[in-house]
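# Observations on the model geometry
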Amino acid sequence: MSPADTGASTVVAAASPVPDSDSRLTPGGPGYRRMSFALFLAGMATFALLYSTQALLPLISSGFAVSASAASWTVAAATGGLALFVLPMSALSERFGRRTVMTASLVVAVSLGVLVPFAPSLGALVALRFLQGAALAGLPASATAYLAEEVRPKALVTAIGLFVAGNSVGGMSGRVITGWVAQEWGWRVAVAVIGVIAVGCAVAFRLLLPAPTHFTPGSLRPRVLARTVRDHLANPLLCRLYAIGALFMTVFGGVYTVIGYRLTEAPFSLPQGLIGSIFLVYLVGTVSASTAGRLVGRLGRRGALYLAGGTTAAGLVVSLADSLPLVLLGLVLITAGFFAGHAVASSAVSKTATAGRAQASALYQSAYYIGSSTGSTVGAMAFHAGGWAGTVGVGVLAVLGVVTITVLGSRAARVERRGVGATAA
């Protein structure tokens, strides 16, 4: 801490260094590892539960004798519930605390997860999944705010990165585990296994997460929240970023909801375990997301979005081939493009919002998961009507939407620069 900050003279500060009074967590310090591991487990449980049925849709279809589009609602309902409740949950965390909301969310979600395997009908399963998604909304709504308050700024990116890593590991491992378990014992046992794993993660999370020391409760003021949301929605750039996030997720949600159906059919006819292992492709997304910052540095935000959209579109076209290696290559390109585009858009939201960043982020997450629900449902309907080519068609239209919005953003930026130049002149 500098002498100017402490009020001490330069001489005294040089002779007797003032101890660092910032009590927030930092790497190597007490509690940091516990906090990081706790939130890693929370992120893992969240995404394992949220997408626990996605790799199992062909089995759910046959189990309930329903179409792919009907079974896809088990995914769409969960992501839709999260999308609808992430903003209210962010407000509750301002009043009752981040750790309290995260704990309550996990308790409710894992309790519902224990009931999911016993759903007697597709309607009951979809209802349970909606409630589960609504409960899980408390995690993304609160975790980043907890980290911002309890971790020193220099360590914040690393801490958030560990939470995001838990998300990706949970999403990937949940699908892989359910695929192999379902191959031997059916989809109900597979979902039950994920529920048991999530219970263990939730218990460990609550025992490990340090009590907050820098949280200041706020009041629930609907008018203030409504005004903040209205201001964000009136910002053209933020609205474009929300739409881009939703469209990218429409592609991703549609592809990964339907891919299991395609790979069970001829000419592939893969067993359920191998289909679940397809989700290991997510590791490519972890790499592409981590390089998004360098892409923006070289190409600018819009250039990075064009590259991400082009990579995604190329993957969609390649995946049309009736060759398993080419289908896998297509999935690699789709996954790399999606995660890069998502990373660019979501980081731009935080930079664009000068006030009410928590609500700006919550709105992005809402749009993102609405895109997931839309992609899951519309992609499955397109597959039912036109096969894999139908799903690819939906994805290509979504990518064209990303490109169109980015072009419009470029034009708007040029007009704004001209206006500023004219004013200065």
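Definitions and cut-offs
Residues numbered from 1 in each chain as written. Predicted model: local features only at pLDDT ≥ 70, side-chain atom pairs only at ≥ 80, totals over all residues. Heavy atoms only, no water. Helix = DSSP H or I, 4+ residues; strand = E, 2+ residues; numbered from the N terminus. Contact = heavy atoms within 4.5 Å. Areas by Shrake-Rupley, 256 points an atom, 1.4 Å probe, with all protein chains shown as cover. Phe/Tyr/Trp six-rings, centres within 6.5 Å; stacked < 30°, edge-to-face > 60°. Buried < 20%, exposed > 50% of the residue type's maximum accessible area, 1.4 Å probe, protein only. Salt bridge = Lys/Arg side-chain N within 4 Å of Asp/Glu carboxyl O. Patch = residues over 30% accessible without salt bridge, like charges linked within 9 Å, V, L, I, M, F, W, Y side chains within 5 Å. pLDDT = per-residue confidence, 0-100. Core = buried A, V, L, I, M, F, W, Y, C linked by side-chain atoms within 4.5 Å.

Per the secondary structure count, the protein chain includes 19 helices and 0 strands. Sequence separation of at least 24 residues holds for 82% of the intrachain contacts in the protein chain that already meet a minimum separation of 6. A total of about 18200 Å² of accessible surface is found on the protein chain, and carbon and sulfur atoms cover 68% of it.

Here we take up the packing of aromatic side chains. All chains considered together, the criterion is met by 16 aromatic pairs. Taking 4.7 Å as the distance between ring centres and 55° as the angle between the ring planes, the aromatic pair formed by Phe-252 and Tyr-256 counts as tilted. Placement of the pair is Phe-252 and Tyr-256 together in helix H13 (residues 236–264), with a separation of 4 residues, close to one helical turn. Tyr-256 carries the same exposure label as Phe-252, and that label is buried. Centre to centre, the rings of Phe-338 and Tyr-368 are 6.3 Å apart; their planes meet at 25°, and the pair counts as stacked. Of this pair, Phe-338 sits in helix H17 (residues 324–352) while Tyr-368 sits in helix H18 (residues 357–386), and the two are 30 residues apart along the sequence. Of the residues examined, Tyr-368 reaches a relative accessible area of 9% and is grouped as buried. Following the ring pairs from residue to residue traces out a cluster consisting of Phe-252, Tyr-256, Phe-279, Tyr-282, Phe-338, Phe-339, Tyr-364, Tyr-368 and Tyr-369.

What follows deals with the pattern of salt bridges. Counted under the stated rule, the structure contains 1 salt bridge. One salt bridge connects Arg-262 with Asp-322, and the closest N-O pair in it is separated by 3.2 Å. With a gap of 60 residues between them, Arg-262 in helix H13 and Asp-322 in the loop between helix H16 (292–318) and H17 connect regions that are remote in the sequence.

On the surface, Val-114, Val-199, Val-203 and Leu-207 cluster together into a nonpolar patch covering about 340 Å² of accessible area. The greatest single-element share of the nonpolar patch, amounting to 3 residues, is contributed by helix H11 (residues 187–208). Within the secondary structure, Val-199 sits in helix H11. Accessibility expressed as a relative area gives 32% for Val-199, which makes it partly exposed.

Note: predicted coordinates in regions of low pLDDT should not be interpreted at a detailed level. Residues of the protein chain with pLDDT of at least 70 account for 87%, and the chain-wide mean is 84. Put simply, helix H1 (residues 3–6) is where the protein chain has its lowest mean pLDDT, 36, and helix H8 (residues 122–136) is where it has its highest, 95.

Counting residues in hydrophobic clusters, the biggest one holds 115 residues, and the most contacted among them are Leu-39, Ile-60 and Tyr-256. In terms of residue count, the dominant contributor to this core is H13 (15 residues).

We now examine the environment of Ala-412. Positionally, Ala-412 belongs in helix H19 (residues 388–424). Looking at Ala-412, the relative accessible area reads 32%, which means it is partly exposed. Put simply, Ala-412 and Pro-236 are 176 residues apart on the chain and 9.3 Å apart in space, counted from C-alpha to C-alpha.

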